[in-house]
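Working through the structure, step by step
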Amino acid sequence: MQHSIRQFSKHEGESVTIKGWISNKRESKTNIFLVVRDGSGFAQAIVSLDDVGEEQFESAKRLTQESSVELTGKVIKDERQIGGYELHVEKLNIIHISKDYPISNKAHGVKFLADNRHLWLRSRKQWAIMRCRNAIIMAIHDFFQSRGFVQMDSPLLTGSACEGTTDLFETEFFGKPAFLSQSGQLYAEATAMAMGKVYTFGPTFRAEKSDTPRHLAEFWMIEPEMAFYNNEMNMDLIESFTRHVVSQVVEKCQLELNMLGRDIAMLEKVNQTFPRVTHSEAAKILRGEVEVNGKNAITVQEEDLAAAKKAIEEKQAKIEENEATIKGGVKKGKRNYLQNQIDQLKGEIKKLEETCRNIPKWIESAKNFPDGEDFGGSDETVLTRVFDAPVMVYNWPTKIKAFYMKEVEGDPTHVKGVDLLAPEGYGEIVGGSERETDIDILIRKIEEHELPQEEFEWYLDLRRYGSVPHAGFGLGLERMVRWICGLDHMRETIPFPRRYGRILP
RNA sequence: GCCUCCAUAGCUCAGCUGGUUAGAGCGGCGGACUGUUAAUCCGUAGGUCCAAGGUUCAAGUCCUUGUGGGGGCGCCA
């Protein structure tokens, strides 16, 4: 019977058979250590000459990285191993010998890895990310399903730009122009009026030429929409939703988060009330006019800059020290070791120098942030650095938000929108609002945004027939994955990223 | 679209103010080693230094243009 590595803990001492691939191999005269992966996990398997005999031992020597095998052996507890168990092989059957697998266990550049994405997914880090992504997806469904939400899919092909703001991918629908959907939001409002509480879960397409760590051209968005909800209820839901998803991943993906080196203590900070600030309060915090928990946004950046400069000096000193040691004359092995350390330090310095070039620009942008404008990418980073927990920014300037957002009572210059900004500089992961219910205001807004009203007649019908207060939000799945996994870039958050300049593989 | 950094072996990178025959690690191959954790050690093969033009006695190194890439910003979510 075939078993999975994930289930090893339930089969301690038993003989099991697994099928998988070799992710690494170490050899000595009488033992061969294989790191095997079967999709469910990674485990070390030991092929010992005494256990398998000469013939099988020799064939095990032929195994290369990513060769496929069937292994039968005993599950033994060993605290030193990744999953806590290892396999003492009794029988080995080679399925296929891999030749010249391109991805080694050493560092690679992002271009090379992206070109080899179809193979890169086999690597430990990518495996761990995809497991977390899966857990996040499950937690999202679980959260909504257990609260009576109905999943209602929105169309992927649309006849016009839903919100009229973004660049869309154009395609063709039986001879007529059509677009790939940039949002399911308006359709979710319609289905919420039918089902009460709904959520969409589907792909979304944006044709902007955005080349940043926060953007993909194709990504997955979750858009809950609730009838009889105002923005306060919306914010409460966003908070408990985020807490639920993060907690589920922390609980179910300990091994994976560990492999990613994620600081779980940072994630557990979702177990506190999320700070809520208005857009204009956030602007003051950003400019350093108001402090949060004794932290000044500008000062924090200046400290980061000073720390980076200091780190460069320390690494520089270490390089000089190594160079002096080498010059003094050492054995070859030692010399290479020191030289490699120098090369690594040089790489780290390059990254730090980039940081030193960027932070002053960020500080400049934050200090001069004008009231009533949208935050830039760096502004979000600077702002969230002063908070531990995710922050909700609400009551946004009307002119920078979509036409359907409800105006704040008595203040038409602001709307009841809310963005959730993740901590540690990961930026916006959720954007939501209470929707406008008054048909006259909505028609006026459609005109102001120069949108074709005839295309929105069906949407206006939602206000003609039993218009009710309602609210909802949109979550970018990959942004959530990026934050929870602690990744530098969104390109690692989805199996096959589609972004500006990348359609293969 | 703008700013900035970069392009050297299959991969990751050194190569200073131009100067004989361009280096290391990983990976490959051969060998050593009784449990290794990106194992280690010894040996070995592997290069049109992104392209085109220019400066110079001499260019991987300097200049111009192009192409490709990283980081930041913008657009945007």
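The rules behind the values
- Residues numbered from 1 in each chain as written.
- Chains lettered and ligands numbered in written order.
- Predicted model: local features only at pLDDT ≥ 70, side-chain atom pairs only at ≥ 80, totals over all residues.
- Heavy atoms only, no water.
- Axes fitted to C-alpha atoms, helices over the stretch in contact; angles between N-to-C directions.
- Helix = DSSP H or I, 4+ residues; strand = E, 2+ residues; numbered from the N terminus.
- Parallel < 35°, antiparallel > 145°, perpendicular 65-115°, else oblique.
- Left-handed = near helix turned anticlockwise from the far one by under 90°.
- Contact = heavy atoms within 4.5 Å.
- Pairing = 2+ DSSP bridges.
- pLDDT = per-residue confidence, 0-100.
- Buried < 20%, exposed > 50% of the residue type's maximum accessible area, 1.4 Å probe, protein only.
- Near = heavy atom within 4 Å.
- Polar contact = N/O pair within 3.5 Å; in protein donor to acceptor, adjacent residues only side chain to side chain.

Put simply, helix 6 (residues 231-252) and helix 15 (residues 477-485) touch, their axes get as near as 11 Å, and they point 55 degrees apart. If you check the angle between helix 6 and helix 15, you find them oblique. Seen from above, helix 6 lies across helix 15 with right-handed handedness. Across from Phe-241, Thr-242, Val-245, Val-246 and Val-249 in helix 6, the residues of helix 15 making contact are Met-480, Trp-483 and Ile-484.

With that out of the way, let us pick up the side chain of Lys-445. As for its placement among the helices and strands, Lys-445 is situated in helix 13 (residues 439-448). Setting aside anything within four residues of it in sequence, one finds Lys-445 in contact with Thr-398, Phe-403, Met-405, Glu-407 and Val-415.

Another point: the sheet that holds strand 8 (residues 170-173). Strand order in the open sheet made by the 3 strands is 7-9-8, with antiparallel pairing throughout. The sheet is open, and its two borders are formed by strand 7 (157-158) and strand 8, each paired with just one other strand. Of the strand pairs in this sheet, strand 7 and strand 9 (residues 176-180) are connected by 2 bridges, and their pairing is antiparallel. By the bridge assignment, Leu-157 is partnered in strand 9 with Leu-180.

Confidence in the prediction for chain A averages 90 pLDDT; 96% of positions are at 70 or higher. Across chain A, element-level confidence peaks in strand 6 (residues 150-151) with a mean pLDDT of 98 and bottoms out in helix 11 (residues 332-367) with 78. Quick note on the complex model: pTM equals 0.93, ipTM equals 0.88.

Keep in mind that most residues, glycine aside, have a negative phi and that most peptide bonds are trans. Residue Pro-505 is reached from Leu-504 by a cis peptide bond, and omega for that bond is -10 degrees. Positionally, Pro-505 belongs in the segment after helix 15. Here Asn-293, not a glycine, exhibits a phi torsion of approximately 50 degrees, which is positive. Note on placement: Asn-293 falls in the loop between helix 9 (279-286) and helix 10 (297-327).

The buried fraction of strand 2 (residues 31-37) amounts to 5 of the 7 residues, a majority that puts the element mostly inside the structure. The sheet contact formed by strand 1 (residues 15-27) and strand 2 spans 6 bridges and is antiparallel. Its bridge partner lying in strand 2, Asn-24 is registered against Val-35. Following strand 1, the chain reverses through 3 residues before pairing antiparallel with strand 2.

Turning next to the environment of Val-430. By secondary structure assignment, the location of Val-430 is in strand 16 (residues 427-434). What makes Val-430 buried here is its relative accessible area of 1%. Considered as a pair, Val-430 and Met-490 are 60 residues apart in the sequence and their alpha carbons are 15 Å apart. Those residues in contact with Val-430, other than ones at most four positions away along the chain, are Ile-238, Val-418, Asp-419, Leu-420, Phe-473, Gly-474 and Leu-475.

Bringing the protein's contact with RNA strand B into the picture now. In the neighbourhood of RNA strand B, 56 residues make up the surrounding shell, with Asn-24, Arg-26, His-108, His-215 and Glu-428 lying closest. Counted by atom, the contact set of RNA strand B within 4 Å of the protein is 63% sugar and phosphate. For RNA strand B, a base nitrogen lies 2.7 Å from a polar atom in the side chain of Glu-86. Side-chain polar atom of Arg-357 to a sugar or linking oxygen of RNA strand B: 3.3 Å apart, as the coordinates give it. Sort the elements by how many residues they give to the surface near RNA strand B and helix 11 lands first, with 11 residues.

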